[in-house]
Amino acid sequence: MTTAPFKPFKPFKPFKPFKPFKPFKPFKPFKPFKPFKPFKPFKPFKPDKIRHQSGHGLTDRAELNLPSCHRRIYGHTPENGRVIMDGHGVTPAGVPTDRDSALACVAVAVMDDHGVLIEWSTGAERLLGYSPSEAVGHSMTDLVVGRLSETARQALGTRSPWSREIELRQRDGGSVTVDLLAVPTTGENGNSRWFLMAASRAERRPREEQALTEWAFNQSVFFSVIYDAEGRVLRVSDTAARLLGLSEDEVRGLRVTEFLQGPAYTEGEEMIFAALASGEPQNTQMFVRAPGESRAHAWDFTVCPLKDESGRVRGAWVCSLDITDQHQARERLALLDEAGARIGTTLNVERTARELALVTVPRFADVACIDLLESVLRSEEPVSRLAPGGVLLRRVAWETALEDAVSTAVTPGTVKAHPDDSPSGRLLACGVPALVRAGNADFEHWVTQLPPPAGQTRDPGIDSVMAVPLRARGNPLGVAVFARRGRPEPFAEDDLVLAGELVARAAVCVDNARRYTRERATAVALQRSLLPHRLPSQPAVEAASRYLPADSRVGVGGDWFDVIPLSGARVALVVGDVVGHGIHASAAMAGLRTAVRTLADVDLSPDELLTQLDDLVISRSADLEGDEGDEDGDVPGETGATCLYAVYDPISRHCSLARAGHVQPAMVTPDGSVDFIDVPAGPPLGLGGLPFETTELELPEGSLLVLFTDGLVESMDRDIDLGLGRLRRALEGSAGPLESICDNVLDSVLPDDPADDVALLIARTHALDADRVATWDLPADPAVVAEARKNVAARLAAWGLDDTVFIAELVISELVTNAIRYAYAPIVLRLIHDQALICEVSDASATAPHLRRARTFDEGGRGLFLVAQLSQRWGTRQTTAGKTIWAECALQETHNPPEPNHG
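Throughout what follows, the structure given in this document is the object of discussion. Predicted, not measured: the structure shown is a model, and the values here were computed from it.

### Quick word on the overall build of the protein
Check the secondary structure of the protein and you find 22 helices and 34 strands. Split into buried and exposed, the 903 residues of the protein put 48% on the buried side. Long-range pairs, those at least 24 residues apart, make up 62% of the contacts in the protein between residues at least 6 apart in sequence. Of the roughly 44600 Å² of accessible surface on the protein, a fraction of 52% belongs to carbon and sulfur atoms.

Okay, here's the thing in structure tokens:
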């Protein structure tokens, strides 16, 4: 605003009596201002002189020497420290007056020791609107909004200079905030006075707007602090003061680390200086306990630089928001996510319960105990309602944050009975989680279930307990108990909801593990029942075997092995592997094993047997394609398998092998060298279309035949060649009992975590001594039958089998007669002294005989019937030159025969 040039001041006329001063209008009470940081003490000064014409105003020009500290307050910096009062303001000496400048906002007044105004300048009139006649004679306190601070009262009482920001009442009802300087002086008559100087830095907002600004700063939910350019506190909101536990006066002028200690506050101060230096906002999140709070909170911490019109950083505003609720919500979600990843990693009931305890301690609770029903651990089907008479709970897992905790109440593995009316019984019956604290009727029951510190019977530090039932698919499985001890925040209702989510997830995993354990036990029992319980005693070979089901994550597979006695003292060795795992694989394995045994009785060659088996698998797969599955929608799917079939003859030491997609077998010669027999692979069973080939070889006596499935040498992280190399090294120099060799192979070759079944069959070959075999070539003449009986009787007598001669002669007579009558030459008769007396008659005819029941008056048809009745078993097998009919008769030795030569 532009004003007219200043006119010379005319002498005052005597003042007329003025009307009584009108009382001020009542104002709404304002919040008292907080005291500013005390200024440095200064020496009192004496004004040069104050000349006035009356007691109602100041002279047109008065000179006053001010200390430098006060000159800095008002922005005046004259070299000699003198200022001049002109009735409108204070102007540095020698500086032209500019009423539009900030200096025109300075007002001067004088009051006595009682606070009554005795001088009033025109500058004061401009500032507040009261004329000298309206102001002089009235108390200065009538112009102050609110009450004077305690610092001002003390300064007035001790007549000490003081200055601070203060709000004064204006005549139009508004208010103005000024920087007020009060200096004690002495008048010309020696009376004590106070010289008052007020300076308004800028035009103030209306009172309501200013009040709203203050309220917003102090009442905001934000933690607000304003720092100067040196990182020192200027203003502190009421929220910040409450959280800090310190008033604004106590922290003004200090840096953060001067009144708060800790890494978080050090980081906050570094962010303040970074914002002051860069002029860019800084933000972070921290979890810290403020001095005025009982527990730690999560804070979103932001530092905003404060810049003037030129862009220069003049300070910083720190704003922090309590985001504890959001932080806790994120922590709950993170805990649920972690529980989903860590609980249920294995299909093991006890391991799953242990994982629940590990996830919750110490992140969620200080103590966690998991008890399960005995029926769940036995993999029995749960029931929706518990039978009356109480429940049996077994402690399967517990975890605690106490290093010296001991489980004295219920140790892991201990079974404890709970009556129906006990808290545990009621909890399982109703299925509703319970949150109990000290003073609750059930509190002691749950505390005594938890492991206390060493040397105590209960944990005295526990202040809250949650008991949550484990339920899956509406059926009770057990109880999970969580407790907190010594934490600032005990369990709340939100924690009960979170515990229910955690336990519900774990309960489903526990029930899945229970169901899998039950199914796996069934499958393993089925698998083992379908495998040989013990290998038959065979003079041809000495055999040992191992079967290991897959681990719990994969399930039982369809691997099998078998040792099948054949005619002529021969033996068949079989190893197979059905594709897939579970009950269906076991059932398919049982069908294939039965089929192999049936085809082996027919005495087919290895390649022919695999061809017949392949047709069987193809037929079964075709039947399954039209199967819609069982009631649960479980379709078994396609059946595929691999198989290795070998036939060993101890008389000729001849071995025939064929394989259908199976791994090649190993052979260990008596000198300890290992070779993998090169048998043509052939396609897996179920593909069809390609032929199988038989490999023939002669084995030295005492050789080892090693048959196995691919689970022994192959895994997801190991190539089959590496597994075969390990097997070769494990078999080199193998000697001693076969059981030890089997164990050594498994220890050396088996993968650490096998994902497939393993079947291993090791057979040591023997040779039948030539003295125990007798062979005769017979002409196609009926007269030769008598000679054949005579030769057989003589050889049986030599073997000490006199009691067997009669039966043997009848069997030989029938077999030789049939060969002469119905077949072609050459005809060969062979006797084998093995565990039984084996009688064989071979001829050149491919026609197989069959058993007939002769009628009463028939003259034929009784020969094979007699053979079947007199022998233990009989049969026929095809050969390359024709067929062989054989019969086994029980031995009835009359004296000790010579021991067989097995090498």
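### Focus: the packing of aromatic side chains
Per the counting criterion, the structure on display carries 3 aromatic pairs. With a centroid separation of 5.5 Å and an interplanar angle of 40 degrees, the aromatic rings of Phe364 and Phe491 are classed as tilted. Taken together, the positions of Phe364 in the loop between α11 (349-360) and β14 (367-373) and Phe491 in the loop between β19 (475-485) and α15 (493-530) put the pair 127 residues apart, joining distant regions of the chain. These aromatic residues form a ring-pair network of at least three members: Phe364, Phe482 and Phe491. It is Arg484 that lies over the ring of Phe364; its NZ or CZ is 5.5 Å from the centre.

### What to know about the nonpolar core
Counting 55 residues, the largest nonpolar core has Ile370, Val465 and Phe482 as the members making the most contacts within it. With sequence-adjacent residues up to four places away left out, Val465 is seen in contact with Ala434, Leu435, Val436, Phe443, Trp446, Val447, Leu450, Val481, Phe482, Ala483 and Phe491. Listed in part, the 50 residues of the second largest apolar core include Ala572, Val578, Leu697 and Leu761.

### Concerning the packing of helix α10 (residues 324-342) against α15
Packing of α10 against α15 leaves a shortest axis separation of 10 Å and a crossing angle of 15 degrees. In terms of axis orientation, α10 runs roughly parallel to α15. Crossing of α10 against α15: the hand is right-handed. Taken together, the residues of α15 that come into contact with α10 (itself represented by Arg332, Leu335, Leu336, Ala339 and Gly340) are Asp494, Asp495, Leu498, Glu501, Leu502 and Arg505. Looking at the contact of α10 with α15, its residues break down into 5 nonpolar, 1 polar and 5 charged.

### Let's talk about a negative patch on the surface
Negative charge collects at one region of the surface, where Asp322, Asp325, Glu493 and Asp494 lie side by side. One can find Asp494 in helix α15. Accessibility expressed as a relative area gives 49% for Asp494, which makes it partly exposed.

### Looking at the side chain of Arg659
Mapped onto the elements, Arg659 comes out in strand β24 (residues 654-660). For the buried Arg659, no salt bridge is present, and the opposite-charge side chain at shortest range is Asp678, 5.2 Å distant. For Arg659, the side chain forms a polar contact with the main-chain oxygen of His662, separated by 2.4 Å. Setting aside residues no more than four positions away along its own chain, Arg659 makes contact with Leu610, Cys643, Leu644, Gln664, Val679, Pro680, Ala681, Gly682 and Phe692.

### Things to note about a nonpolar patch on the surface
There is a patch of nonpolar side chains on the surface, built from Phe806, Leu810, Leu866 and Leu870 and spanning about 350 Å² of accessible area. At the level of elements, α21 (805-822) and α22 (863-870) are the ones that each hand at least two residues to the nonpolar patch. Here Phe806 shows up in helix α21. Look at Phe806 and you get exposed, because its relative accessible area is 57%.

Cut-offs and rules
- Residues numbered from 1 in each chain as written.
- Predicted model: local features only at pLDDT ≥ 70, side-chain atom pairs only at ≥ 80, totals over all residues.
- Heavy atoms only, no water.
- Helix = DSSP H or I, 4+ residues; strand = E, 2+ residues; numbered from the N terminus.
- Buried < 20%, exposed > 50% of the residue type's maximum accessible area, 1.4 Å probe, protein only.
- Contact = heavy atoms within 4.5 Å.
- Areas by Shrake-Rupley, 256 points an atom, 1.4 Å probe, with all protein chains shown as cover.
- Phe/Tyr/Trp six-rings, centres within 6.5 Å; stacked < 30°, edge-to-face > 60°.
- Lys NZ or Arg CZ within 6 Å of the ring centre and 35° of its normal.
- Core = buried A, V, L, I, M, F, W, Y, C linked by side-chain atoms within 4.5 Å.
- Axes fitted to C-alpha atoms, helices over the stretch in contact; angles between N-to-C directions.
- Parallel < 35°, antiparallel > 145°, perpendicular 65-115°, else oblique.
- Left-handed = near helix turned anticlockwise from the far one by under 90°.
- Nonpolar A, V, L, I, M, F, W, Y, C, P; charged D, E, K, R; others polar.
- Patch = residues over 30% accessible without salt bridge, like charges linked within 9 Å, V, L, I, M, F, W, Y side chains within 5 Å.
- Salt bridge = Lys/Arg side-chain N within 4 Å of Asp/Glu carboxyl O.
- Lys, Arg positive; Asp, Glu negative; His and termini not counted.
- Charge placed at Lys NZ, Arg CZ, Asp CG, Glu CD.
- Polar contact = N/O pair within 3.5 Å; in protein donor to acceptor, adjacent residues only side chain to side chain.

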